[in-house]
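Chain and residue survey
In case you want the letters, here they are:
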Amino acid sequence: MFLHGTSSINEQGHLTIGGCDVTNLAQEFGTPLYIVDEALVRQRAGEYVKAFQASGLKFQVAYASKAFSVMAMCVIAEQEGLSLDVVSDGELYTALQAGFPAERIHFHGNNKTPDEINMALDANIGCFVVDNFVELDLLNALAAAQGKKVNILLRITPGVEAHTHDYISTGQQDSKFGFDLGNGAAKQAIAKALTLSNLEVLGVHSHIGSQIFEVEGFRMAVDKVAGFAVDIRSELGLTFKVINLGGGFGIRYVEGDTPLPISEYVGAITNAIITNFKAADFPLPEIWVEPGRSMVGDAGTTLYTVGTNKNIPGVRKYIAVDGGMTDNPRPALYQSRYEALLANRANDPAEETVSVAGKCCESGDMLIWDLELPKAESGDLLAVFCTGAYNYAMASNYNRIRRPAVVFVKDGSADLAVKRESLHNIVENDVIPARLAKSALAK
Ligand code: LLP
């Protein structure tokens, strides 16, 4: 059985999460429903904090809110002592509306607009992660106009690219993000930033990929960044105070996935930092990381109701659920794999292999291929695991399907964190231009 966090099966054979029977959640909140195991999110946050505390280094764990940006999640991040990484005015607004302390917000992005930068300046956020030369000038000018000096990190592409199981040391140059270390752009960027009087350069940022199962790539990135820190100190006289190593720590979506415990990723990074910087006789920098997926991914479960099915003898049996690529586009986008079970008959033995389709009008709208299940009937509940990251965050209204509700469950209580969209929400931003209105047509 593939269960995470507080999930278990009760005497009635129903899946429970956070002490809540999901058949009751389906009745109360409807399906599809995103269910978040709050205790597991807090546990993951605590694992990061504890692992950094063990290193003795100064640190910030910035939750990458792109994975799942809703106000309730920002509140939990704040309560757990995390910082927050945002990438747009929408993510920034969500954080600020949730009361997240601005000084712990870091603003990322390769094309921040002047309006977004001004909004972040107005809020006095803690740090901008500057991505390119255009942004350096723009941020400096906008900060000057507000009479402010702002903290920045420069995003560098260290020449290490992770493909979950292996690393390429050169391929990264061709990236839309950041200043390249190999071709000198990173050094030029720092030299330029030092001439801009409204920017305070704290250090550099590097992110090598996502859903990574090994520590080797992080070690390689630390080696490169440490070498760069030494060069910059001797050539430009700047000592980095902060090194941000991004996110990318993997999670277990399916049986075969083999992520490491959070403490191992953090331990590898902090050890590599201490070794490299001590060897270079360099003051130990503060370390920041930006986990997204590993903070919320396995805490999320999506609950669907099974509707129709189609059996093609000798070929495949499809069962269709009341959601699909609108609430989870990852299988269609990345061929991502998920585990699932029949949540109202969780102890029933598997009887057949089915493929789980969504209800959108396209053949690519599949959630799981070849899943072993008891014979699912209309009205059964299907729980798909590990949907906490990049599901709600990437949900759409394709086919004008309404986005599901999100509930946070903990110790037997279930609380709404996002309401299910209404049909009114679907048309509320639509405008019929006057010249198309019936009265106009009648003329
Ligand atoms: N920091 C930076 C600069 C990033 O670009 C990302 C992810 C993170 C942190 C967080 O990475 P994580 O810990 O979540 O791996 N939509 C894709 C994932 C895109 C990740 C983009 N950047 C998916 O559904 O798999």
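Before reading on, note that the structure itself is shown above.
Here's what I pulled together on the structure shown here. As the structure is a computational prediction, the values presented were derived from the model and not from experiment.

1. Focus: the packing of aromatic side chains
In the structure shown here, the tally under the stated rule is 14 aromatic pairs. Here the aromatic rings of Tyr-48 and Phe-249 are separated by 5.8 Å at their centres, their planes lie at 55°, and the arrangement is tilted. One end of the pair, Tyr-48, is in helix α2 (residues 38–55); the other, Phe-249, is in the loop between β14 (242–244) and α9 (262–279), with 201 residues separating them in the sequence. For the pair Tyr-48 and Phe-249, a shared accessibility class is recorded, and that class is buried. Consider the rings of Phe-277 and Phe-282, whose centres lie 5.1 Å apart with planes at 70°: the pair is edge-to-face. Across this residue pair, the class does not change: Phe-277 and Phe-282 are buried. When the ring centre of Phe-107 is taken as origin, the NZ or CZ atom of Lys-112, which lies over that ring, is 5.7 Å away. Seen from the ring of Phe-177, Arg-155 lies directly overhead, with NZ or CZ sitting 4.3 Å from the centre.

2. Points about the sheet that holds strand β3 (residues 20–21)
Reading across from one edge, β1-β2-β3 is the order of the 3 strands in this open sheet, with antiparallel pairing throughout. Of all strands in the sheet, those with a lone pairing partner are β1 (8–9) and β3, marking the two edges. Relative to β3, strand β2 (residues 15–17) runs antiparallel, the two being bridged by 2 bridges. Across the sheet, Thr-16 pairs through a bridge with Asp-21, a residue of β3.

3. Remarks on the pairing of strand β5 (residues 59–64)
Burial of β5 is extensive: 5 of the 6 residues sit out of reach of the surface. The pairing of β5 with strand β15 (residues 286–289) spans 3 bridges and is parallel. Within β15, the residue paired with Gln-60 across the bridge is Trp-288. Pairing analysis gives 3 bridges linking β5 to strand β6 (residues 83–86), with the strands arranged parallel. Looking at β6, one finds that Ala-62 is bridged to Ser-83. Where the polypeptide runs from β5 across helix α3 (residues 71–79) and back to β6, its parallel neighbour, the crossover connection is right-handed.

4. Looking at the packing of α2 against α9
At a closest axis distance of 9 Å, the pairing of α2 and α9 adopts a crossing angle of 30°. When the interaxial angle is binned, α2 and α9 end up roughly parallel. For the crossing formed where α2 meets α9, the hand is right-handed. Side by side, α2 and α9 meet where Arg-44, Glu-47, Tyr-48, Ala-51, Phe-52 and Ser-55 of the first sit next to Ile-262, Ser-263, Val-266, Thr-270 and Ile-274 of the second. Taken together, the residues of the contact of α2 with α9 sort by class into 6 nonpolar, 3 polar and 2 charged.

The rules behind each value
Residues numbered from 1 in each chain as written. Predicted model: local features only at pLDDT ≥ 70, side-chain atom pairs only at ≥ 80, totals over all residues. Heavy atoms only, no water. Phe/Tyr/Trp six-rings, centres within 6.5 Å; stacked < 30°, edge-to-face > 60°. Helix = DSSP H or I, 4+ residues; strand = E, 2+ residues; numbered from the N terminus. Buried < 20%, exposed > 50% of the residue type's maximum accessible area, 1.4 Å probe, protein only. Lys NZ or Arg CZ within 6 Å of the ring centre and 35° of its normal. Pairing = 2+ DSSP bridges. Right-handed = clockwise from strand over helix to strand, strands pointing away. Axes fitted to C-alpha atoms, helices over the stretch in contact; angles between N-to-C directions. Parallel < 35°, antiparallel > 145°, perpendicular 65-115°, else oblique. Left-handed = near helix turned anticlockwise from the far one by under 90°. Contact = heavy atoms within 4.5 Å. Nonpolar A, V, L, I, M, F, W, Y, C, P; charged D, E, K, R; others polar.

Bear in mind that shape data such as this cannot, by itself, settle questions of function.
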